[in-house]
Amino acid sequence: MRSVKMILAAGAASLICSAAVAADMPIAPPPAYAPPPVEDFGGWYLRGDIGFSNQQVKRLDNALDANALTSRQAHDFSAAGIYGLGVGYQFNNWFRADVTGQYRGNSTYRGTDNISFNNGGAVGFGANNYTASKSEWLVMANGYVDLGTWWCITPFVGAGVGGARVTIANFTDAGLASLQGGGIGPSFAYGDTVSRWNLAWALHAGLAYKVNPNVTLELAYSYLDLGKGVTGDLRAFDGTNNINNPTTFRDITSHDLKLGVRWNLESAPTYYPPPLMRKG
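For the structure given in this document, a descriptive report is provided here. Note that the structure is predicted; figures quoted are calculated from it, not measured.

1. What about the overall build of the protein?
- Scanning the protein from terminus to terminus reveals one helix and eleven strands.
- Overall, the protein shows an N-to-C arrangement of helices and strands of α-β-β-β-β-β-β-β-β-β-β-β.
- When burial is assessed residue by residue, the protein has 33% of its 280 residues classed as buried.
- Taking the contacts inside the protein whose residues are at least 6 apart along the sequence as the reference set, 74% of them involve residues at least 24 apart.
- When the accessible surface of the protein is totalled, it reaches about 17000 Å², and 65% of it is carbon and sulfur.

2. Overview of the nonpolar core
- Counting residues in each nonpolar core, the largest one holds 20 residues, and the members touching the most others are Val57, Leu60, Tyr109, Leu138, Phe171, Leu226 and Phe249.
- Contributions of two or more residues to this core are made by strand E1 (43-61), strand E5 (122-146), strand E6 (153-179), strand E8 (194-212), strand E9 (215-233) and strand E11 (246-264).
- Apart from the residues within four sequence positions on either side, Val57 is in contact with His75, Phe77, Tyr109, Phe249, Arg250, Asp251 and Ile252.

3. Structural notes on unusual backbone geometry
- Phi angles above zero are rare outside glycine, and Trp151 is one such case at about 50 degrees.
- Locating Trp151 in the fold gives a position in the loop between E5 and E6.
- Using a relative accessible area of 76% as the deciding quantity, one classes Trp151 as exposed.
- Not every positive phi belongs to a glycine, and Cys152 is a case in point at roughly 70 degrees.

4. A word on the pairing of E8
- In the sheet, E6 pairs with E8 via 16 bridges, with the strands oriented antiparallel. Within E8, the position partnered with Pro155 by the bridge is Leu207.
- Where E8 and E9 come together, eleven bridges link them in antiparallel fashion. When the sheet's bridge partners are listed, Leu207 is paired in E9 with Leu219.
- The hairpin turn running from E8 into E9, its antiparallel successor, is two residues long.

5. Comments concerning the packing of aromatic side chains
- Evaluated as defined, the whole model comprises eleven aromatic pairs.
- Summarising the aromatic geometry, the rings of Tyr89 and Phe91 are spaced 5.0 Å apart at their centres and angled 70 degrees between planes, so their arrangement reads as edge-to-face.
- Look at Tyr89 and you get partly exposed, because its relative accessible area is 25%.
- A ring pair is formed by Trp94 and Phe95, whose centres lie 5.9 Å apart and whose planes are at 50 degrees; its orientation type is tilted.
- For Trp94, a relative accessible area of 46% puts it in the partly exposed group.
- Residue classification places Phe95 among the partly exposed residues on the basis of a relative accessible area of 27%.
- Connected via pairs of aromatic rings, a cluster forms that spans Trp44, Tyr89, Phe91, Trp94 and Phe95.
- Residue placement shows Lys134 over the ring face of Phe77; its charged tip is 5.2 Å from the ring centre.

6. Some remarks on the pattern of salt bridges
- Applying the stated rule across the entire model yields twelve salt bridges.
- Between Glu136 and Lys134 there is a salt bridge; the shortest N-O distance is 2.2 Å.
- The exposure class of Lys134 is buried, given its relative accessible area of 1%.

7. Here we look at the environment of His75
- For His75, the position within the fold is in strand E2 (residues 68-77).
- With relative accessibility at 27%, the residue His75 sits in the partly exposed group.
- Here the alpha-carbon distance between His75 and Arg110, two residues 35 residues apart in the chain, equals 6.1 Å.
- Only 3.2 Å separates the side chain of His75 from the side chain of Gln73, close enough to count as a polar contact.

8. Observations concerning the side chain of Asp113
- By secondary structure assignment, the location of Asp113 is in strand E4 (residues 95-119).
- For the buried Asp113, which has no salt bridge, the nearest side chain bearing the opposite charge is Arg72, at an N-O separation of 7.7 Å.
- Residues in contact with Asp113, not counting those within four places in the same chain, are Ser71, Arg72, Gln73, Gly126, Ala127, Asn128 and Tyr130.

Criteria and thresholds
Residues numbered from 1 in each chain as written. Predicted model: local features only at pLDDT ≥ 70, side-chain atom pairs only at ≥ 80, totals over all residues. Heavy atoms only, no water. Helix = DSSP H or I, 4+ residues; strand = E, 2+ residues; numbered from the N terminus. Buried < 20%, exposed > 50% of the residue type's maximum accessible area, 1.4 Å probe, protein only. Contact = heavy atoms within 4.5 Å. Areas by Shrake-Rupley, 256 points an atom, 1.4 Å probe, with all protein chains shown as cover. Core = buried A, V, L, I, M, F, W, Y, C linked by side-chain atoms within 4.5 Å. Pairing = 2+ DSSP bridges. Phe/Tyr/Trp six-rings, centres within 6.5 Å; stacked < 30°, edge-to-face > 60°. Lys NZ or Arg CZ within 6 Å of the ring centre and 35° of its normal. Salt bridge = Lys/Arg side-chain N within 4 Å of Asp/Glu carboxyl O. Polar contact = N/O pair within 3.5 Å; in protein donor to acceptor, adjacent residues only side chain to side chain. Lys, Arg positive; Asp, Glu negative; His and termini not counted.

The structure is reproduced here in structure tokens:
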């Protein structure tokens, strides 16, 4: 009987010691809250762009060129401002698309044409000096591939297709001709303003910098094919015109440099940790 009492006393002492040790141990904090990963979902965005163009034209054609034996043309466009707005959608972390509209400001054109001719037996040579102004409205649907992000910078490439409304205004042609066997004569003609729509396409490349989840800056280059532009029928200084002879600007292209900004319209959801629960 005495031994049973000793066993019970020893068990009770052991339980008391265990409880005392447990009471002295610190209470472990709850595990740190890890927010669930944000899913890679798409979102709508607005965009705006400003920049400038560097334009070229392949050649100028006119019905009177049929009399030219040789023609050596030189062309120069001044830079012009570019102003654009658009709306787009980010499908995932590597592909996005947008629709943009641009106004491309007036660019001054200056060209020269040195020719030799045979016009009904009148053989000679001459030179023409051309001036004009050109502007466009451009509507494009574009797609872009983002190539990965390093230090918040994302290089991208893209392509677009759409329509360009090319306007040629204030066209003048001032020339001087010298006939074989003697005789020099000046000439002057002008053409009315004409606008026309063309199929346009573009190739894009650039760098994007994410300022914050809602704002991204872009520095981009675009190669743009605008189609052609035409003038009204050319008329002499006294208004006479005896032939259907508009001047055509063939194969207008441009190298554009733009600075843009994109505003994300669908912010990522914010996750909050659960309240800290303490016992005792």
